[in-house]
Amino acid sequence: MKQLTVNSNDAGQRIDKFLMKYFRSLPGGMIYKWLRKKRIRLNGVHPKNDAFLREGDVLELYINDEFFPEMREIPEYIKTAPKPDIVYEDKNIIIVNKPSGVCAHDGADSLINRILSYLYGKGEYDPGREHTFTPALCHRIDRNTSGLVIAAKNAAALRFFNEKIRLREIRKVYFLRVEGELEEDSGVIEGYISKDYTQNKVVFSKTGTPGSKHAVTSFRKVKDHVEAELITGRTHQIRASFAYIGHPICGDVKYGARKNGGKSYQQLCAGRLIFDFCDRGEFEYLNGKIFEVR
């Protein structure tokens, strides 16, 4: 028998969902069998499958030792990854400026691994103390796009910011340079986007087709560049939208731009985040904040 004490990052989950994350290599059917056979106790009693966990709860697991996951070791690249470019940080979130050419998730030198390495070095992240949670990105941007990305340090922040992004209560403004001169100082590009899987890109059109998604982008000229705000959030939305109106983003060869002097990135930056929450609660202190790349 082993005991687990529920921490703040585990709290609020259903016990069956928590167990599936904890025993991540085992089938769900085995988890439910253990619950049904009363081999799991919550604070000394046999729980229902949908019982919710609270911080400080004690789980007693009457399960063979070979089923328990091994202690997660810290990969070497987590210890040595370069420090991220931090724009803002508090106890709940960290906002970083991702460089062009760095993947959000894939590879040892990914953005999330840089963040994990930084938090590990500060003593704010230790896999040995966590049962199911790992700090995570709340959203992502393309590899060859630079700019602001939010990461959550705890489960409550991850749930909150994922929901605010879904509800469009976090506004995202991009800075870009386009080929040619835009005919209007401001405007809206509206249409539909569908995926072209053969070329790993999207196609923008004014009329919808089966499987396409509505896409709306507003823009305005600002001195020597353009600011574009996502009203909807679709894959490659800004890139495909400006290519459609005949002004591809400089360097975005995939969407019809000229080669960018041998560089492999487009001149597109997720430059500003605006927090505009309708309900605030625990994170009210961030409402109305605006973060921008330096």
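Higher on the page you've got the structure.
Throughout what follows, the structure given in this document is the object of discussion. (Residues numbered from 1 in each chain as written. Predicted model: local features only at pLDDT ≥ 70, side-chain atom pairs only at ≥ 80, totals over all residues. Heavy atoms only, no water.)

### Some points on the packing of aromatic side chains
Then comes step 1: In the structure shown here, the tally under the stated rule is 14 aromatic pairs.
Then comes step 2: With 4.8 Å between their ring centres and 45° between their planes, Tyr88 and Phe291 make a pair best called tilted. Pair noted here: Tyr88 is in strand β4 (residues 86-89) and Phe291 is in strand β14 (residues 290-292), with a separation of 203 residues, a long-range link.
Then comes step 3: When the centroid spacing of 6.1 Å and the interplanar angle of 80° are considered together, the rings of Phe161 and Phe277 count as edge-to-face. Here Phe277 lies in the loop between β13 (268-275) and β14 and Phe161 lies in helix α5 (residues 155-166), a separation of 116 residues in the sequence. Accessibility assignment for this pair places Phe161 and Phe277 in one class, buried.
Then comes step 4: In this structure an aromatic cluster arises from ring pairing among Tyr88, Phe160, Phe161, Phe275, Phe277, Phe283 and Phe291.
Then comes step 5: Lying across the ring of Tyr255, Lys201 places its NZ or CZ 5.0 Å from the centre. (Phe/Tyr/Trp six-rings, centres within 6.5 Å; stacked < 30°, edge-to-face > 60°. Helix = DSSP H or I, 4+ residues; strand = E, 2+ residues; numbered from the N terminus. Buried < 20%, exposed > 50% of the residue type's maximum accessible area, 1.4 Å probe, protein only. Lys NZ or Arg CZ within 6 Å of the ring centre and 35° of its normal.)

### What about the environment of Pro127?
Then comes step 1: Structurally, the position occupied by Pro127 is in the loop between α4 (111-122) and β6 (136-137).
Then comes step 2: Linking Pro127 and His46, residues 81 residues apart in sequence, is a C-alpha distance of 28 Å.

### Here we look at the nonpolar core
Then comes step 1: Core analysis: the largest hydrophobic core is formed by 36 residues, its most contacted members being Ile115, Leu137, Tyr174, Leu176, Ile238 and Phe242.
Then comes step 2: The biggest single contributor to this core is α4, with 6 residues.
Then comes step 3: Setting aside chain neighbours within four positions, we find Tyr174 in contact with Ile141, Thr145, Val226, Glu227, Ala228, Leu230, Ile238, Leu268, Cys269, Ala270 and Gly271. (Core = buried A, V, L, I, M, F, W, Y, C linked by side-chain atoms within 4.5 Å. Contact = heavy atoms within 4.5 Å.)

### With respect to the state of the cysteines
Then comes step 1: Within the structure shown, the criterion is met by 0 disulfides.
Then comes step 2: Note on Cys278: no disulfide assigned, nearest cysteine sulfur contributed by Cys138 at a separation of 18 Å. (Disulfide = S-S within 2.5 Å.)

### Overview of the pattern of salt bridges
Then comes step 1: One pass over the structure, following the stated rule, counts 20 salt bridges.
Then comes step 2: Across the salt bridge formed by Lys122 and Glu124, the nearest N and O atoms sit 2.8 Å from each other.
Then comes step 3: Judged by its relative accessible area of 39%, Lys122 is partly exposed.
Then comes step 4: Put simply, Arg258 and Glu179 hold a salt bridge, and the shortest N to O gap is 3.6 Å. Remark: Glu179 occurs in the loop between β8 (170-176) and β9 (186-196) and Arg258 occurs in the loop between α6 (237-244) and β13; sequence separation between them is 79 residues.
Then comes step 5: Under the relative-accessibility criterion, Arg258 is labelled exposed at 60%.
Then comes step 6: For Glu179, a relative accessible area of 13% corresponds to the buried category. (Salt bridge = Lys/Arg side-chain N within 4 Å of Asp/Glu carboxyl O.)

### Description of helix α2 (residues 28-36)
Then comes step 1: Within α2 the residues assigned to the buried category are Ile31, Trp34 and Leu35. Along the long axis of α2, the arc covered by the buried residues comes to 100°, so they all point the same way. Opposite the buried face of α2, by more than 90 degrees, sit the exposed residues Gly29 and Arg36.
Then comes step 2: A positive phi of about 60° marks Lys38, the residue just after α2. (Arc of directions from axis to C-beta.)

### Focus on the pairing of strand β7 (residues 146-152)
Then comes step 1: Counted residue by residue, β7 has 7 buried out of 7 residues, so it is predominantly covered.
Then comes step 2: The sheet contact formed by strand β5 (residues 93-98) and β7 spans 6 bridges and is antiparallel. Among the inter-strand pairings, Val96 is bridged to a residue of β7, identified as Val149.
Then comes step 3: The pairing of β6 with β7 spans 2 bridges and is classified as antiparallel. Residue Ala136 lies in a different strand from β7, and its bridge partner there is Ala152. (Pairing = 2+ DSSP bridges.)

### So, the packing of helix α1 (residues 15-22) against α2
Then comes step 1: At a closest axis distance of 10 Å, the pairing of α1 and α2 adopts a crossing angle of 130°. In terms of their interaxial angle, α1 and α2 are classed as oblique. Pair α1 / α2 crosses with right-handed handedness. Facing α1, whose interface residues are Asp16, Lys17, Leu19 and Met20, α2 presents Gly28, Ile31, Tyr32 and Leu35.
Then comes step 2: Considering only residue class, the contact of α1 with α2 consists of 5 nonpolar, 1 polar and 2 charged. (Axes fitted to C-alpha atoms, helices over the stretch in contact; angles between N-to-C directions. Parallel < 35°, antiparallel > 145°, perpendicular 65-115°, else oblique. Left-handed = near helix turned anticlockwise from the far one by under 90°. Nonpolar A, V, L, I, M, F, W, Y, C, P; charged D, E, K, R; others polar.)

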